[in-house]
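Residues per chain, in single letters:
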Amino acid sequence: MTYRTHLSIRVGNYRMTAQQITLEAMMPEHLDGAVELSRQAKWPHRREDWELVQSISQGVVALVEERVVGTAMMTPYGDDAATINMVIVEAAMRGQGLGRRVMDVALDKAGERTCYLVATQEGLHLYESLGFIATGEIVQHQGEALPVAAPAQVCWAESGDYKCLAALDLVAYGHERSALMRFLRESARFAVVREENLVQAFAAIRAFGRGLVIGPVVARNDIEAKTLIDFLLAHHPGMFVRVDTDKSLKLAEWLTSRGLTHAGGGITMRRVADGRKDKGAAPRRTYALVSQALG
Ligand SMILES: CC(C)(COP(=O)(O)OP(=O)(O)OC[C@H]1O[C@@H](n2cnc3c(N)ncnc32)[C@H](O)[C@@H]1OP(=O)(O)O)[C@@H](O)C(=O)NCCC(=O)NCCS
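Everything numeric in this text was worked out from a predicted model, so none of it was measured. (Residues numbered from 1 in each chain as written. Predicted model: local features only at pLDDT ≥ 70, side-chain atom pairs only at ≥ 80, totals over all residues. Heavy atoms only, no water.)

**Side note on the site of the ligand**
Item 1. The full set close to the ligand counts 19 residues, and Val87, Val89, Gly95, Gly97 and Thr120 are the nearest of them.
Item 2. The side chain of arginine 94 places a nitrogen or oxygen atom 3.3 Å from an oxygen atom of the ligand.
Item 3. Take threonine 120: an N or O atom from its side chain is 2.7 Å from an oxygen atom of the ligand.
Item 4. If the ligand stood free it would expose 910 Å²; the protein chains cover 73% of that surface.
Item 5. Among the elements of the structure, β7 (81–89), α3 (98–110), β8 (114–119) and α4 (121–129) are those that each provide at least two residues to the shell around the ligand.
Item 6. Sorting elements by how many residues they give to the shell around the ligand places α4 first, with five residues.
Item 7. Looking at the shell around the ligand residue by residue, the class counts come to nine nonpolar, seven polar and three charged. (Near = heavy atom within 4 Å. Polar contact = N/O pair within 3.5 Å; in protein donor to acceptor, adjacent residues only side chain to side chain. Areas by Shrake-Rupley, 256 points an atom, 1.4 Å probe, with all protein chains shown as cover. Helix = DSSP H or I, 4+ residues; strand = E, 2+ residues; numbered from the N terminus. Nonpolar A, V, L, I, M, F, W, Y, C, P; charged D, E, K, R; others polar.)

**What about the domain arrangement of the chain?**
Item 1. Segmenting the chain into domains produces domain 1 (2–111) and domain 2 (140–288).
Item 2. Computed from C-alpha atoms alone, the centre-to-centre distance between domain 1 and domain 2 is 28 Å.
Item 3. In this assembly, 14 residues from domain 1 lie in contact with 15 residues from domain 2.
Item 4. Approximately 1,200 Å² of surface area, both sides summed, lies buried where domain 1 meets domain 2, with 67% of it carried by carbon and sulfur atoms.
Item 5. When the buried surface of domain 1 facing domain 2 is broken down by residue, Pro44, Leu52 and Tyr77 rank first, second and third, together holding 41% of it. (Domains from an automatic or database assignment. Contact = heavy atoms within 4.5 Å. Buried area = accessible area lost by both parts, 1.4 Å probe.)

Laid out in structure tokens, this is it:
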């Protein structure tokens, strides 16, 4: 998968032409370069955050010699859905078709799956031109958690709860993502609401970026979602916590009251493969995303 292109790129005071760009499947040895690329784009991802995405995804890297200058990942959720994520092109090489190239590879890997993503303003035009349509908005809230009391009706999950958590996630997210849930079982801590010995709702917290991220949050209503989040905040006062939530769920103002202020967000988009019927979005009841990359 190699192509030669005649990009005209400014490097210092020189303009280089005829750069050879190689597209390769993303492998663990590309992780350091990918981390550096996302750092340059001012994304907070640590190596561990890339490792999570890579471990459950198929990715592509664009290389100039050994340097990673572009990335895109396709994370399959069963045979019918996928998220497209970590789409980044080195700043000096933008606007010359490389973003479209890596997206083409990622969409090719997705096959006939319905694809979801959270777009930045910069990526919006590219995604629209590839058949993605806007479906909503994600708001990112973050900050140092204010001290709150831990609600009595929430407790920590036990090891036997895991199957139930995965089943609740499936119902709430609408697509099977057992590989992701297996990873979270190892890397996250889960708070649960239990009734008659059965888990009815849960929220996960794990290390991410500058601090901690809360998500997914699967609850029956917004009061329950807030109760779960309060429990997690109560156990991490003063720590830097991030929550990404769908704007239509109206958690934003409440999150601000907990010390987590608005810090950007993105446009949710969906693309149905050519020749497939658009069945509409799967029903979602997740109050917070695992991450913008993974939904
Ligand atoms: C989004 C991004 C990957 C695009 O990469 P790129 O190599 O510049 O993309 P391309 O050159 O293939 O351009 C694709 C299309 O988007 C358009 N485009 C590129 N940058 C744009 C910008 N900043 N604003 C509006 N349109 C833009 C191009 O004109 C092109 O459209 P056209 O083919 O109709 O002319 C790149 O800007 C980037 O890495 N941004 C920072 C990280 C980011 O926001 N990633 C998206 C995450 S969802």
